[in-house]
Amino acid sequence: MSSMKAIATTDLCDQFEQEIHAGLIHILPPVFQSYGQNLAFYGQAVTFKVFEDNSSLIKQALENDNGAGKVMVIDGGASVRCALVGGNIAAAGAGNAWAGIVVDGCVRDTGEINALNLGVRALGAVPLRSLKKGAGERDLGVHIQGVRVNSGDWIYVDGDGIVVSPKDLHD
């Protein structure tokens, strides 16, 4: 987030190395691509579980929720068949002060997303938009690339990776 001081994930890993090796703090696999202007961001996770459908939960949250200090974490089942986040809803997220979005799936409209004051990580980009079935769940434990993420966990993101912690690591 541009108004927050960046927190280096390498420093967190050095400081909390024992907790990481004990399985208390996790690092997501290095499979995510970076989009948006904010290369580093952090905040508390708000989790979503959807499969090839962004119509209700994700769109409504980015358009209506105050995202200050929050990172949207989307378990999209690692599908690369369609995009779960596009330029319009990402712009709504930036407008509602979301710190960032982590998508275990794809995005589209990357030119639009890259122009936003927002940090986004996704498996890649694909031009096909998602289905509009209105299905999915919010605020539950999800699995992102084999790592469990709960709503309220702390997510730290920078160019070196993504750290997931059940506790605040930056105070």
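All of the points below concern the structure found in this document. These figures come from a predicted structure and were not determined experimentally.

Definitions and limits used
Residues numbered from 1 in each chain as written. Predicted model: local features only at pLDDT ≥ 70, side-chain atom pairs only at ≥ 80, totals over all residues. Heavy atoms only, no water. Helix = DSSP H or I, 4+ residues; strand = E, 2+ residues; numbered from the N terminus. Buried < 20%, exposed > 50% of the residue type's maximum accessible area, 1.4 Å probe, protein only. Contact = heavy atoms within 4.5 Å. Salt bridge = Lys/Arg side-chain N within 4 Å of Asp/Glu carboxyl O.

**Here's the deal with unusual backbone geometry**
The backbone of A78 sits at a positive phi, close to 60 degrees, despite the residue not being glycine. Here A78 shows up in the loop between strand 4 (70-75) and strand 5 (83-85). Backbone geometry places D109, a non-glycine residue, at a positive phi of 60 degrees. Following the sequence through the fold, D109 ends up in the loop between strand 6 (100-107) and helix 5 (110-114).

**Regarding helix 4 (residues 87-95)**
Here helix 4 has its buried residues at G87, I89, A90, A92 and G93. On its buried face, helix 4 is in contact with helix 3 (57-64), strand 5 and helix 5. Positive phi appears at A97, one or two residues downstream of helix 4, with a value of about 65 degrees.

**Notes on the pattern of salt bridges**
Applying the stated criterion across every chain yields a total of six salt bridges. Linking D75 and K49 is a salt bridge whose minimum nitrogen-to-oxygen distance equals 3.3 Å. On the criterion of sequence distance, the pair formed by D75 in strand 4 and K49 in strand 3 (residues 41-49) is long-range, its members being 26 residues apart. Put simply, E52 and R81 hold a salt bridge, and the shortest N to O gap is 2.7 Å. Here R81 lies in the loop between strand 4 and strand 5 and E52 lies in the loop between strand 3 and helix 3, a separation of 29 residues in the sequence. We classify R81 as exposed; its relative accessible area is 58%. Sharing partners across several salt bridges, the network here consists of D65, R138 and D139.

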